[in-house]
Amino acid sequence: MPYDLLIRNGVVIDGSGLPRYRADIGVRHGRIVAIGKIRGERARDVVDADGQIVAPGIVDGHTHMDAQVFWDPLGTSSCYHGITSVVMGNCGFTLAPCAEKDKHLVVRNLQRAEDIPPKAMAAGITWSWTTFPEFLDALDALPKGINYSGYVGHSAVRTFVMGERAFEEKATEDDLTAMERAVRDAIRAGAMGFTTSRSPAHETPDGTPVASRFASWEEVRRLVGVMGELNAGIFEIAGEGVDREPGNPGLREYHERLRDLAVETGRPITFGLFSRRGVPDVWRTYLDLLDETAAAGGRMFGQAHSRSLSALLSFKTQTPFDHLPVWKEIRALPIAEQARRYRDPEVRKQLVAMSGEKDGRRPVGTEARLPNYDWLFVFDTVYGPHRSVAEVARERNQHPAETMLDLALARDMDLFFLQPVANEDQDIALEIMKHPRMVTTFSDSGAHVSQLMDSSLQTHVLAHWVREKRAFTLERAVHMLTMVPATLWGFHDRGLLREGMAADLMVFDPDTITAEMPEVVDDLPAGARRLVQRTRGIAATVVNGEVVLRDGKHTGALPGKLLRGPAARRA
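Undergrad: Residues and numbers for the environment of A410, please.
TA: Structurally, A410 can be placed in helix α13 (residues 400-410). Given the relative accessible area of 67%, A410 is considered exposed. For the pair A410 and T293, spaced 117 residues apart in sequence, the C-alpha separation works out to 53 Å.

Undergrad: Can you break down unusual backbone geometry residue by residue, with the values?
TA: Residue S77 is bonded to the preceding T76 through a cis peptide linkage, with omega at 5°. For S77, the position within the fold is in the loop between β6 (58-60) and β7 (83-88). Of note, the amide linkage connecting G384 to P385 takes the cis form, showing an omega dihedral of 10°. Tracing the backbone shows P385 in the loop between β15 (377-379) and α12 (389-396). At D115, a position not held by glycine, the phi torsion is positive, near 50°. Mapping D115 onto the fold places it in the loop between α1 (103-111) and α2 (118-124). Using a relative accessible area of 15% as the deciding quantity, one classes D115 as buried.

Undergrad: With reference to specific residues and values, describe the packing of helix α4 (residues 154-162) against helix α5 (residues 173-189).
TA: Two elements in contact, α4 and α5, have axes separated by 9 Å at closest approach and are oriented at 130°. The angle between α4 and α5 falls in the class oblique. Judged by the twist between their axes, the crossing of α4 over α5 is right-handed. Residues V157, R158, V161 and M162 of α4 lie in contact with α5, whose contacting residues are D175, A178, M179, A182 and V183. Counted by class, the contact of α4 with α5 contains seven nonpolar, no polar and two charged residues.

Undergrad: Go over the environment of T204, please, and point to the residues and values.
TA: Relative to the helices and strands, T204 resides in the loop between β10 (193-197) and α6 (217-230). Overall, the relative accessible area of 0% leaves T204 in the buried class. Counting along the chain gives 187 residues from T204 to G17, while the straight-line C-alpha distance between them is 43 Å. Each residue touching T204, except ones within four places of it in the same chain, is listed here: R108, R112, F167, P209 and V210. Only 2.4 Å separates the side chain of T204 from the side chain of D206, close enough to count as a polar contact.

Undergrad: Please set out the sheet that holds strand β16 (residues 416-422) residue by residue, giving values where relevant.
TA: Reading across the sheet, the three strands line up as β14-β16-β15 and stay open at both edges, with antiparallel pairing between neighbours. A single partner strand is all that each edge strand has here, and the edge strands are β14 (309-313) and β15. Here the average twist between neighbouring strands, direction ignored, is 40°. The pairing of β15 with β16 spans three bridges and is antiparallel. For V378, the partnering residue across the bridge sits in β16 and is F417.

Rules and cut-offs
Residues numbered from 1 in each chain as written. Predicted model: local features only at pLDDT ≥ 70, side-chain atom pairs only at ≥ 80, totals over all residues. Heavy atoms only, no water. Helix = DSSP H or I, 4+ residues; strand = E, 2+ residues; numbered from the N terminus. Buried < 20%, exposed > 50% of the residue type's maximum accessible area, 1.4 Å probe, protein only. Axes fitted to C-alpha atoms, helices over the stretch in contact; angles between N-to-C directions. Parallel < 35°, antiparallel > 145°, perpendicular 65-115°, else oblique. Left-handed = near helix turned anticlockwise from the far one by under 90°. Contact = heavy atoms within 4.5 Å. Nonpolar A, V, L, I, M, F, W, Y, C, P; charged D, E, K, R; others polar. Polar contact = N/O pair within 3.5 Å; in protein donor to acceptor, adjacent residues only side chain to side chain. Pairing = 2+ DSSP bridges.

Here's what the structure looks like:
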């Protein structure tokens, strides 16, 4: 019987961490049916993988593509980097449960906290649900290039039950009962779990907390307890911010609450784990917490980033000066007119003079902040090393703000700057990644669309940490990016190349795989702006047995699926 797809002559790294081997792979009906030397068989489609690695598709456990999936079935930029499955709905932000008449409440939670333009959501989403099960059915019906799964988010659940009160009040017992019912229905329908944010970085456009931040810890405990009753689902949390200042006594109390919740409910708890310059040793306490929770009988894992977590600045998107007098007026102009003004000596003198002023706005998340120029870097190549603006300014005997203007003008305003907000020390980032209870993920794809471009963090592992630094073998790196997240999130038939497994694969050249420079594009619905980033060195990306991308170009295939959680699979 002929194959639907035959991948010939590849070097297989199967995701298990075991050594590579040469083999062909035969695919039929979306599944791997043969691995070995396949002779004389016909196939509808053939990929010649001679000299290339054949690996499982990458699983990204931390995205916010809930809105994007409605207007971008292919899943860019994630799909460009070998990612074949994503988990959406992190940090409490989901589009359901929510009736269409109340969608402004969901948009209020998403707009600033996740930098998703309201005009894009209004133009790009056809609202056809109220409950989370109905939302999953809507996702299931959409054409998809990659596989999607999703949590149910606390902010959405809270506004669904409480309306405007969700942004003001403590929940009543009736509110809590209704929220428990909504979470229970979502998990049974196939939500991957429940997520929340208690982070001070998550605010609405008017500077008030998102809905989940008004919840008591008892409310959180009750809702995670629903998953404990069902014995299904993961709890993901954006933490309380008690780790942002040295010696905060609330940190230990917070860790104890997390540990006890994991033990009490039996459900896995996960969160992003980064180092920060201002609190240099706090990351170690989180690694200790992972081990402490395991020793107490609970399950907990952290999510690591593979490089510095940095806001991506440019004069085409955001700069540190956008809300300052004089700057604000000019930044509202078309980019060509801005460039003309920046060349005017008198205007430039005013801009430089104002550049050190405070604008009265507290930046959150990956919003640009007034710079420490020693920690603002010229992003002129993907992998660096990157020179600080302060260093370049000293060489030029200029004010750093003037240096930024000159550098951008020399590139026709097409230049980025990196402003790290976490993981500044790459030795620490590597140590965090290597911890056995960490998983390398946290791209935030679909959110921070004009502020951040981390869909390439897995590509960075392969190009930087494997090829350049040799910090991992290729086998271990593939294992970290495929089987580990697939196992943690319960995708039992993905993340490993074995007969009978889903045929999600990437075919790549380990000597050339690399992310390209990001680009600014206006391709969101209603012409809204975002950042995109492609990659080189990936010959083919296969999803459910069909080639979706060849050399980075879409084939037209849309074989992606909705991956429902374990409670739905047991039903």
